[in-house]
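Spelled out from the first residue to the last, the chains are:
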Amino acid sequence: MIRVFNTLTEKKEEFKPLNDKTVKMYVCGPTVYDHAHIGHARSAIVFDVIRRWFEYRGYRVIYVRNYTDVDDKIIKRSKEEGIPWYEVAKKYIESYEEDMKALNIKEPTYKPKVTEHIEEIIEMIKGLIAKGYAYESEGDVYFSVEKFSEYGKLSKRKTEELIAGARIEPGEKKKNPLDFALWKKSKEGEPGWESPWGIGRPGWHIECSAMAMKYLGRTMDIHGGGLDLIFPHHENEIAQSEAYTGKSFVRYWLHNGFVMVNKEKMSKSLGNFFTIKDILKEFSSDVLRLFLLSTHYRSPIDFSFERLKDAERSFGRLLNFIESKEIIEKLPTFEKNSEIFDVENYKLQFESAMDDDFNTARALGVIFELVKEANLIKDKAIKENKISNKEKETILKAIGIVESYLKLLGFKLEKKKQEGIEDELIKLLIDVRSELRKRKAFDLADKIRDGLKDLGIILEDLPSGTIYKRSN
Ligand SMILES: Nc1ncnc2c1ncn2[C@@H]1O[C@H](COP(=O)(O)OP(=O)(O)OP(=O)(O)O)[C@@H](O)[C@H]1O
Ligand SMILES: [Zn+2]
C-alpha cells in the first residue's frame, strides 16, 4: 500500500487510483525563458522517482509534463535577446530536454506545449463564460472567483482575507480584484491567436487545466509541482476545472519543497541560482540525484557545494561497494555456518520507506546501512583472503539489491569516465610489478603499488592474480 501526503487534505492517505492499476499524473513543467536551475532539477527528479515507484509497484503511469511556451517572461526575454518569442521558447525547450536527458529523467508519456493547445483552451473558456463563471472585458476574459464557492480549499486561504490584500493592477479590466485572467488581449507585437474575444493569448492557469484534462480526462489521480504553485496557480486550476466539469479535478495534490540558498528559494528572479548545466560540469548526475533525494521531497534543501561534495563521497562508497563484486567472486571460499545479517530485512525497510510518501531519505539511509554492514564482512574477507560460502552469498545478494534499488531510483551507476589507454597502462604496471616480486625486487614492486595508490588506484593481491579498483 502506497501512502501519499495530499496537500488538499493535509494528510497522508492511502493511494487508490481512479482506475485499477493506472496512475494518471500531471506535473507543471517549466516556463521556457532561461536554462533550468537546481530547483527545477529537484521538481523533475522528485516526480520522476514517484513515477518510477508507482511503476515498480505494478501501475501503468500516464505522465504528462507541459511546456509553458508563451508567457510574459518569454516575451520580455525575446526583447532582451533580440530574437522572436517562439525562438526563445524553442531554444530553452531544447536546453531543458538536454538537461532532462543528462539527469536520467524518464520520458513523460505526453509533453504538451501551450501553443499547440490554443483550441482546447478557447473551448474551455467559452464553456466557462456560458456557465456564468467567466466574463469578457475589453478583449480580456476573467474567471469570477466569487462564483466558485470552494475557492481557497487547496491553499487554505479565505476569500475575505484575500480580498483585503488584493488590488487591480493598472491595465487590468476585471470587476473584482481576485478574478484572474483566462485570456489576455495581445498588445502590438505580442504573440496572439484569433478567438471569439479578438486576438489574444491564454492566461497561465487555464493552460494547465486544458492540457491536463485533454490527456488525462476530467479527473486525474495526481497533480504535482513545487510548493510555490499551490497559490495561486493550482488553486485557480481547481476553480476553473471544477467549475467547467462539475467534477472533482484532482484526487491527490503533491508538492515538492524548495531548493534554498542562504534561506531563500533558489530562483531566477533572485539571481541566486546555479543551472543544471553548471553543476553537471563538476558533478555527475548521480551525485546531484543523491544530493536531492537525501532529503524528503516535501522538506526544503539547503544548497551548497560542500553538501554536494559530501554527496559525491557518499556516492563513491556506493559505487565501490557495487564494484567489489568482482573481488568477492574471486575470493577462495570455505564452509561455515556463521550468523549473518538478514538482507531481506533491508529490502522490507527500503520498500516500506518508499511506500510511505516516497521517503527517499529513509530509503537511501537503509541502503547506506546495508552497505556498512556488508562492508564489515567484505573487508575482513579481503584481508584474510577467504570468505565463507554463506558470507559470499549474502554479500553478493546485498550488492545486487543495492544496485537494483539505486537503478530503480533513477541512478545511472556509470563508472567514472576512464581515459583511453589508462586501464591498459595500469594492467601493464601490474604485470611488471608481479614480475618484480618474482625476482624479489620488493622495493620496486612496492613503489608501483604506492604510486598507484596515490593516484587513487588500489591493488588487491588475490591468489588468482592482482586486481585493482578505484578509491573514489
Ligand atoms: N527553488 C526551487 N526549488 C524547488 N522547486 C522549484 C524551485 N524553483 C522552481 N521550482 C519548480 O520547478 C517547476 C518549474 O517552474 P517554473 O518554470 O514555473 O519556474 P519559475 O517560477 O520560472 O522559476 P523561478 O522560480 O526560478 O523564477 C515548478 O514546479 C516550480 O515549483
Ligand atoms: Zn501548471
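Residues numbered from 1 in each chain as written. Chains lettered and ligands numbered in written order. Predicted model: local features only at pLDDT ≥ 70, side-chain atom pairs only at ≥ 80, totals over all residues. Heavy atoms only, no water.

### Focus on the side chain of Ser314
Item 1. Position of Ser314 relative to the elements: it lies in helix α10 (residues 305-323).
Item 2. With near-sequence residues (within four places) excluded, Ser314 lies in contact with Leu290 and Phe368. (Helix = DSSP H or I, 4+ residues; strand = E, 2+ residues; numbered from the N terminus. Contact = heavy atoms within 4.5 Å.)

### So, the coordination of the zinc ion (ligand 2)
Item 1. Taken together, the protein ligands of the zinc ion (ligand 2) are Cys28 (SG), Cys208 (SG) and His233 (NE2), with distances of 2.1 to 2.2 Å.
Item 2. One chain supplies every donor for the zinc ion (ligand 2), spaced along it as C-x179-C-x24-H. With a gap of 205 residues between them, Cys28 in the loop between β3 (22-27) and α1 (38-56) and His233 in helix α7 (residues 230-245) connect regions that are remote in the sequence. Across the pair, His233 and Cys28 agree in class, each one buried. (Donors = N, O, S within 2.8 Å, 3.2 Å for Na, K, Ca; no water. Buried < 20%, exposed > 50% of the residue type's maximum accessible area, 1.4 Å probe, protein only.)

### Remarks on the UniProt feature "binding site: Zn(2+)" (unreviewed entry) in the protein
Item 1. Taking the UniProt record as the reference, the feature "binding site: Zn(2+)" (unreviewed entry) is found at Cys28, Cys208, His233 and Glu237. Across 210 residues, the annotated set stays spatially compact, with a maximum C-alpha separation of 11.2 Å. Filtering the just-named annotated residues for those lining the second largest pocket gives Cys28, Cys208 and His233.
Item 2. Overall, His233 belongs to the buried group, its relative accessible area being 1%.
Item 3. Aside from chain neighbours lying at most four places away, what touches His233 is Cys28, Trp204, His205 and Cys208.
Item 4. By secondary structure assignment, the location of Glu237 is in helix α7.
Item 5. Non-local contacts of Glu237, meaning those with residues more than four positions away in its chain, are made with Cys28, His205, Cys208, Ser209, His223 and Phe249. (UniProt positions renumbered as here; feature names shortened; annotations may be inferred. 1 Å grid on protein atoms, 1.4 Å probe; cavity = no way out; pocket = protein on both sides within 12 Å on 5 of 7 lines; lining within 4 Å.)

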